[in-house]
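# Close look at the chain arrangement
The lines below spell out each chain.
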Amino acid sequence: MNDGHSLSRRRILSWIGKTAGASAMYQAMNSLAFASESNYDSNFSLDGGNSKTKIIILGAGLAGMTAAHELKKAGYSVKVLEYRPIAGGRCWTLRGGEQFSELGGEIQSCNFDPGLYFNPGPWRIPYHHHAVLGYCKEFGVKLEPFVQVNHNARLHSSMAFGGKPQSIRVVQADLHGNISELLSKCIDQRRLNDELTVEDREKLLEVLRSWGGLDRNGEYKKSLESSLRRGFLIDAGGGSMPLPTYSETLDRGELLKSGLWRFLLDGGSYEFQPTLFQPVGGMDMLARAFSKKLAGSIEYNACVKNIHQSAEGVKISWQNVNDPSSIQTESADWCICTLPLSILNKIPSNFSARMTSAIHAIPYAASVKIGLQFKRRFWESDDHIYGGISYTDLPISKISYPSNDYGSSGKGVLLGGYIWGPNAYEFSAMSAEQRIKSALHYGSQLHSQYQQEFDSGISVSWHRNSWTNGCYAQWTNELRAAHYDAMCEIDNRIVLAGEHVSYIPAWQEGAILSALDAIKRLHNRIINRAL
Amino acid sequence: MNSIRILVFSLLVLSLLNNYVSAETFISEYSILHDQPHFNEISGKQLFLGICQGCHMSEGEGAIGAGYYPALANNEKLYASGYPIYLVLEGSGNMPAFKKYLTDEQVMSVVNYIRTTMGNHARDSVSLADVQAISHR
């Protein structure tokens, strides 16, 4: 990050902090850190690898498989150890007929109908995540649009409008309309004469009238102009159908007090601006495509027990998950370790002191996702919501509607909770049944059909997940300053990769870019040693 | 016989009610619409069941997968009261820092709970001043 970038970021944060309070700044800090632009080189390739050089890769998530795929192409001898019986890591999709068990032993069965699925981890790909999109293209993984912003989805605050959800369309139109009217009045009352020339004032009035949907008197109220933005009470029809009727605007004071405008910022931020994509059929289509390229190179059900490096190479001890009595050892010249830090910091190893302290320093965010199957797609047939996300101040935080198979009959699956912060710890502490019950209880406040139409549900708590013990590496600016450089270093024979070794934490793009960067540096190290 | 049946029935109802109430009451507010994220749980037991057991499991037995969560049960490390107070407040490694979500009273309650249950028998109890000495607030 150059100085100009960090300075402007700091400035932006201080503005947000002053105007919107600390919690908004906390949110903004996260999203700005996430918003770093991709540095993907679409022509990435390494040349001159030697098949006598063996590289062992720990973890068959996207970082591990990116490294394995590219190193294999470069000519190296590659072996991947993976704890689970399948590849992909957090790039994961749950479908009907599957079971999974979380720490504590509770087993959940997924009872979704054929063709329906739920992505417990990553679920959307921004258009500027060039590396993820690049591999989708290389492997022929079919993509479809992921609807992030749906103006007919809902914004809900339990503390505003009597708990009645409002559509994004209405909140946005009324917010823009009221701001425009008030600013127009300021101009009319010559309050901005010092800031603006006569011509500027005229131009700005024109902007506000048009952008805000003001009527010819510069007012935002029940009118054709406002209804063209916020929608009509009665929509236009044909023949002798009723005439279109304008809709009443929300009370300005209540709108401001509701805070619902905050939710609008999500879809407007860089990482969530359209177009976003999802792989057709589930996010793990990408993982499957990678693992197909690596057939025979991945050792599944391998639990890493010890990581030991010396001047000559690396020795990894691992145990078959299904045969705990057997310890096996795998030696290699080099190692790329993509295990989450939350797992790695529990495995005996001999990293340098710098690396060891970095590995132990970064906490993992708590998050829980809940997939709910309903008997019918009532959000489409009753509520006319096709894809997109509703937001609420309730613990479930979001409801996201499927961005595919619109209008299909039969059951449908939506994301019934995407839970963070204190609530994520609380949902992690619940049984699977309690989580579903709570998700239904809260979701009912946005959709009255919830209880009646509920069919089955499944939840994933990332902290209770036996192979991640958390969702993603929760860096702060202080932790970055203290540990990020160390974490990127090639530590004798081992280099780390994964979303935790990136400035795009929690995103697949971060995992892939960190792997590409790690293997490029490792390859250079190997080539230069050989010379 | 009948009275036993009634007792069993009322216990059952009570436990169901308890489950329901705990699902309703102790889900804390966390939203960009709210000022300060915090936990609503009050007693040590509520805090343990509402938060800690997510990773340390319902009997404090910990859990083992590709990595592990340490057990709180039968854990003599907890007897040095500064250790659990510090870990709850500031975190370490996988243990998250809860300082911004919990009051010192809540920290005191949960630390006292884990030090005297699940096979732990700390003789002293932690005071608010003990927590404040570490939280500096």
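Summarised in this report is the structure supplied together with it. Since the structure is predicted, the reported quantities are computational estimates derived from the model, not experimental observations.

## Here we look at the overall build of chain B
A count of helical and extended segments in chain B gives five helices and two strands. The linear arrangement of helices and strands in chain B, starting from the amino end, is α-α-β-β-α-α-α. The 137 residues of chain B split such that 45% are buried. Of the contacts formed within chain B by residues at least 6 apart in sequence, a portion of 50% connects residues at least 24 apart.

## Overview of the packing of aromatic side chains
Within this structure, the stated rule accounts for 30 aromatic pairs over all chains. Taking 5.9 Å as the distance between ring centres and 75° as the angle between the ring planes, the aromatic pair formed by tryptophan 92 of chain A and tryptophan 462 of chain A counts as edge-to-face. On the criterion of sequence distance, the pair formed by tryptophan 92 of chain A in the loop between strand 2 (77-81) and strand 3 (94-95) and tryptophan 462 of chain A in the loop between strand 21 (454-461) and helix 17 (477-488) is long-range, its members being 370 residues apart. Residue tryptophan 92 of chain A shares its accessibility class with tryptophan 462 of chain A, and that shared class is buried. Centre to centre, the rings of phenylalanine 48 of chain B and tyrosine 113 of chain B are 5.7 Å apart; their planes meet at 40°, and the pair counts as tilted.

## Details of the pattern of salt bridges
Residue and element names in this part refer to chain A. Going through the model one piece at a time under the given rule, you end up with 27 salt bridges over all chains. In this structure, arginine 90 engages glutamate 499 in a salt bridge whose closest nitrogen and oxygen atoms are separated by 3.2 Å. Of this pair, arginine 90 sits in the loop between strand 2 and strand 3 while glutamate 499 sits in the loop between strand 22 (494-496) and helix 18 (508-530), placing them 409 residues apart in sequence. When sorted by exposure, arginine 90 lands in the same class as glutamate 499, which is buried. Here arginine 464 ties to glutamate 102 by a salt bridge, and the two come within 3.0 Å at their closest N and O atoms. Pair noted here: arginine 464 is in the loop between strand 21 and helix 17 and glutamate 102 is in the loop between strand 4 (99-101) and strand 5 (107-109), with a separation of 362 residues, a long-range link. Linked through salt bridges whose partners overlap, the residues forming this network are Lys54, Lys79, Glu299 and Glu330.

## Side note on the sheet that holds strand 8 (residues 143-146) of chain A
Residues and elements named next belong to chain A. Spatial strand order, 7-11-8: three strands in an open sheet with antiparallel pairing. Of all strands in the sheet, those with a lone pairing partner are strand 7 (125-126) and strand 8, marking the two edges. Pairing between strand 8 and strand 11 (residues 276-279): four bridges, direction antiparallel. Bridging from a neighbouring strand, glutamate 144 pairs with glutamine 278 of strand 11.

Each value, and the rule that gives it
- Sequence order sets the numbering: in each chain, residues are counted from 1 along the sequence as written.
- Chain letters start at A and ligand numbers start at 1, both assigned in the order the entries are written.
- Confidence filtering applies because this is a predicted model: local features only for residues at pLDDT of at least 70, side-chain atom pairs given and counted only at 80 or more, and all residues used for totals across whole chains, interfaces and linings.
- Note that the side-chain values use all heavy atoms of the structure and ignore hydrogens as well as water.
- Secondary structure elements follow DSSP: runs of H or I no shorter than four residues count as helices, runs of E no shorter than two count as strands, and numbering proceeds from the N terminus.
- Using a 1.4 Å probe on the protein chains alone, a residue whose accessible area is under 20% of its type maximum counts as buried, one over 50% counts as exposed, and one in between counts as partly exposed.
- Every residue pair with non-hydrogen atoms within 4.5 Å of one another is taken to be in contact.
- Two aromatic rings, drawn from Phe, Tyr or Trp (for Trp, its six-membered ring), form a pair once their centres lie within 6.5 Å of each other, and the interplanar angle then sorts them: stacked below 30 degrees, edge-to-face above 60, tilted otherwise.
- By definition here, a salt bridge exists when the distance from a side-chain nitrogen of Lys or Arg to a carboxyl oxygen of Asp or Glu is within 4 Å.
- A pair of strands is treated as paired once DSSP finds two or more bridges between them.

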